[in-house]
Amino acid sequence: MDRVTPVLLLEVASAGIVLVFAYVALRSRRAGAVVPSRARRLQVGLLVGLLGFAGLLLAFTFPRAPYPRRAERPDRVVFVVGKQFSFAVSERPITNDSEWQEAVAFGEPVTLAPGELVEFRVTSFDVNHGLSLYDPDHVLIGQVQAMPGYVNRLRFRFTKPGRYEVLCLEYCGHGHPRMRGYFFVK
Amino acid sequence: MLHGEASLAWPTPVLLERGEAVSEAEDVGFRRMTLVWVATVLALVVVLGTLGWLMRLTQGNWLTLRPEWFYSLMTLHGLGMFGTWYIATMAAVTYLLSRYVRPSLSASRFVYGLTLVAVSLFVIATLVGRFSPGWYFLYPLPFYSQGVWKPWATAVFFTFVGLLGVAWLIWEVSLLGAIARRWSLPQALGWDVLFGRRSVSDVPLAVHIATVMLVLHLSALLSAVVLLSLYTLEGIGTGIRNDPLLMKNLVFYFGHVTAEVTTNLSFMVVLELLPRLAGRPPFRVNRMFAAAFNVILVLIAVTYLHHLLMDFAQPFWLRVLGQTASYLIPIPAAVVTIFIVLTLIYGSRIRWTLPAVLLYLGVMGVAIDGIGAAFISSTPALQFLFHNTLVAVAHLHLGFVMGVVLINLGFVFQFVKELSRSEESSWTTWAIPVLLAIGGYGLVLMFSLAGVASVPRRYAIYPEELARGVTMARFAIVPLALLTAGALLYLWELVRRWPHAWAASRLSSSEAASS
């Protein structure tokens with residue numbers, strides 16, 4: 001999903017709220033009261049309108065949720081394990097601390113092909129971390145939590161070639177800002 | 001009247017008349033207790049706000065703080081502000097409820113003492129013990145300090161959480177008990193008008209909202225008790241390992257419900273105070289209000305689930321429930337509470353005093369934050385891009401600073417103004433809200449822009465590839481300075497009235513009226 005449009009829409013809606021409040025504040029200077037029957041009609045209209053809008057928004061956003069779909073089969077599987085304060089990114093499963101150490105220190109960088117559906121199987125060996133995908137222009141394009149004891153599956157199709165950084169997006173201790181992993185798309 | 005101010009006819013006090021349920025002595029006691037809470041809260045906010053400055057200066061590379069210190073201050077600032085504004089709102093709620101029912105004054109004093117002890121432990125754990133797992137201390141981080149904090153600091157921190165939980169439980173149960181002595185629980189919850197034949201209840205709206213929210217918050221305290229027990233069982237070496245997903249659900253249930261209850265209780269303050277300031281009759285609980293707040297009660301209990309939208313291991317239906325409830329919850333707030341405030345003000349010829357402006361701006365802040373929270377924080381496709389970026393920090397600061405805080409400041413100023421019998425100077429009536437609004441919204445905008453530009457939250461130091469985070473932190477200093485200027489001006493206006501207010505708080509209502 002485009003990252004700027006939703007925020008702009010939100011700013012427009014916020015500006016609308018400010019205008020309504022400003023209008024009512026200005027109208028407070030002239031004596032009078034809202035006619036109850038008119039207020040009730042307005043209220044019902046607002047209720048129906050907002051319910052309808054919420055329904056439409058749900059219908060629009062549900063299919064765009066970044067959750068894995070059962071019908072899809074990933075082309076590649078990449079294993080990611082977070083541990084204070086590094087991510088091990090590997091094409092082989094990482095099941096214990098020594099495999100994690102080896103993958104972080106000596107592992108071959110993972111290289112993915114543009115267009116293939118990649119499944120990241122993400123977990124942690126200590127605390128909660130957040131796997132994030134930063135593209136070669138350092139723009140955040142996706143994320144999932146890395147939780148000890150659970151495997152979160154994140155599927156993604158990369159289009160832009162280059163080096164991708166994995167930063168931690170769940171605060172995990174004093175080394176949080178320097179926690180890293182990486183892979184390539186070629 | 002304060003020296004040098006224009007001579008104006010002093011309007012009828014709207015807060016100081018005594019309720020029928022409390023004696024003259026208790027009335028004086030509640031006034032003094034409210035002033036003590038206010039002084040404590042504002043002192044805490046000055047300290048915690050200074051920590052906010054230190055963090056933004058560090059992120060702007062204008063100050064060097066070691067990450068260990070940064071995160072200790074971050075934990076103190078985040079959890080401190082969160083708890084402080086809950087306490088501030090509860091103090092206002094207690095005072096307003098004492099107009100209708102008879103809360104226990106001794107319980108209020110005991111809670112205050114216990115809170116001071118708890119807060120002292122929190123300060124020791126963070127500043128001496130360097131305990132720094134962030135404001136929601138996500139399991140199992142408190143047990144993985146990497147040598148930064150010692151086990152004793154973890155123990156002191158959880159003692160603080162336990163003591164504060166006990167204090168809040170006593171406070172809430174004592175208020176609910178006072179309400180229950182006058183009305184039955186179903187009546188106070190509005191069920192007699194919702195399911196019975198009566199169309200209007202004799203329960204004041206303030207009492208109804210407080211009951212709904214306090215009952216709901218008891219469930220949050222229960223989740224905190226379970227969380228704390230599970231932490232303790234693991235911490236004392238029983239060999240039990242807790243489930244991280246369960247612990248995450250528990251901590252977010254507690255945190256989210258507390259934030260929502262704080263917001264709704266501050267709305268109670270608005271709906272109690274604003275009609276009096278606007279010269280309109282007070283609200284009574286009718287079917288519309290009862291339906292709205294009962295629906296809000298149910299929805300709040302499940303909206304916390306939107307905090308776990310990026311935990312794909314969380315059952316799918318819970319994620320769907322979280323998104324749906326979060327989309328629905330702004331609707332009763334917009335259609336009932338916010339709409340009612342707007343119709344109340346429309347054509348009211350309200351005198352725009354500082355409290356009235358702050359209360360009104362606070363409602364606007366909650367309205368703006370409400371749609372943002374529903375849309376950005378609850379849509380998985382957007383959380384995929386913005387979760388745990390500075391967009392989340394923008395949301396937290398918008399809801400609190402521009403909502404809960406402004407409403408509380410409005411209440412406090414009205415309270416102190418009435419006690420000190422002093423009018424406002426016209427320039428501060430506008431200068432304070434203008435500075436707070438421009439500064440507050442500017443601060444939130446800078447957080448939002450940085451989040452949209454992919455800058456993560458909780459980074460003590462921005463890495464080279466995210467150097468835009470440094471630039472934006474520097475720009476954010478400008479609105480932060482305006483916000484601080486507005487806050488200092490407000491404090492000055494309050495402090496110079498304080499001696500008169502404190503002295504007058506000793507007088508009974510009849511003595512105060514004749515003085």
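Residues numbered from 1 in each chain as written. Chains lettered and ligands numbered in written order. Predicted model: local features only at pLDDT ≥ 70, side-chain atom pairs only at ≥ 80, totals over all residues. Heavy atoms only, no water.

A closer look at the nonpolar core
Phase 1 of the analysis: Counting 246 residues, the largest nonpolar core has Phe120(A), Phe158(A), Phe183(A), Trp85(B), Phe157(B) and Met213(B) as the members making the most contacts within it.
Phase 2 of the analysis: Mapped onto the domain boundaries, this core takes at least three residues apiece from domain 1 (4-64) and domain 2 (76-185) of chain A.
Phase 3 of the analysis: Ignoring anything within four residues of it in the chain, the contact list for Phe183(A) reads Val89(A), Val110(A), Leu112(A), Phe120(A), Leu133(A), Phe158(A), Gly162(A), Arg163(A), Tyr164(A) and Val166(A).
Phase 4 of the analysis: By size, the runner-up hydrophobic cluster in this structure holds five residues, among which are Val81(A), Ala88(A), Ile94(A) and Ala103(A). (Core = buried A, V, L, I, M, F, W, Y, C linked by side-chain atoms within 4.5 Å. Buried < 20%, exposed > 50% of the residue type's maximum accessible area, 1.4 Å probe, protein only. Domains from an automatic or database assignment. Contact = heavy atoms within 4.5 Å.)

Some details on the interface of chain B and chain A
Phase 1 of the analysis: The partner chain A presents 72 residues to the 82 residues of chain B that form the contact.
Phase 2 of the analysis: Summed over both sides, the interface between chain B and chain A buries roughly 6900 Å², with carbon and sulfur atoms accounting for 69% of that surface.
Phase 3 of the analysis: Taken as a group, Phe312(B), Tyr346(B) and Phe384(B) account for 11% of the area that chain B buries against chain A, more than any other trio of residues on that side.
Phase 4 of the analysis: Here chain B is connected to chain A by two salt bridges.
Phase 5 of the analysis: We note a salt bridge from Arg458(B) to Glu170(A), for which the minimum N-O separation is 3.5 Å.
Phase 6 of the analysis: The interface formed by chain B and chain A contains 34 residue pairs in polar contact (both at pLDDT 80 or more).
Phase 7 of the analysis: If one sorts the elements of the side of chain B that touches chain A by residue count, helix α11 (residues 330-345) of chain B sits on top with ten residues.
Phase 8 of the analysis: Looking at side-chain class alone, the side of chain B that touches chain A contains 55 nonpolar, 16 polar and eleven charged residues. (Buried area = accessible area lost by both parts, 1.4 Å probe. Salt bridge = Lys/Arg side-chain N within 4 Å of Asp/Glu carboxyl O. Polar contact = N/O pair within 3.5 Å; in protein donor to acceptor, adjacent residues only side chain to side chain. Helix = DSSP H or I, 4+ residues; strand = E, 2+ residues; numbered from the N terminus. Nonpolar A, V, L, I, M, F, W, Y, C, P; charged D, E, K, R; others polar.)

Points about the domain arrangement of chain A
Phase 1 of the analysis: Annotation of chain A at the domain level lists domain 1 (4-64) and domain 2 (76-185).
Phase 2 of the analysis: The C-alpha-based centres of domain 1 of chain A and domain 2 of chain A are spaced at 42 Å.

Thoughts on the confidence of the model for chain A
Phase 1 of the analysis: When the pLDDT values of chain A are averaged, the result is 94; 99% of them are 70 or greater.
Phase 2 of the analysis: Across chain A, the secondary-structure element scoring lowest on mean pLDDT is helix α1 (residues 4-27) of chain A, at 93, and the one scoring highest is strand β1 (residues 76-83) of chain A, at 98. (pLDDT = per-residue confidence, 0-100.)

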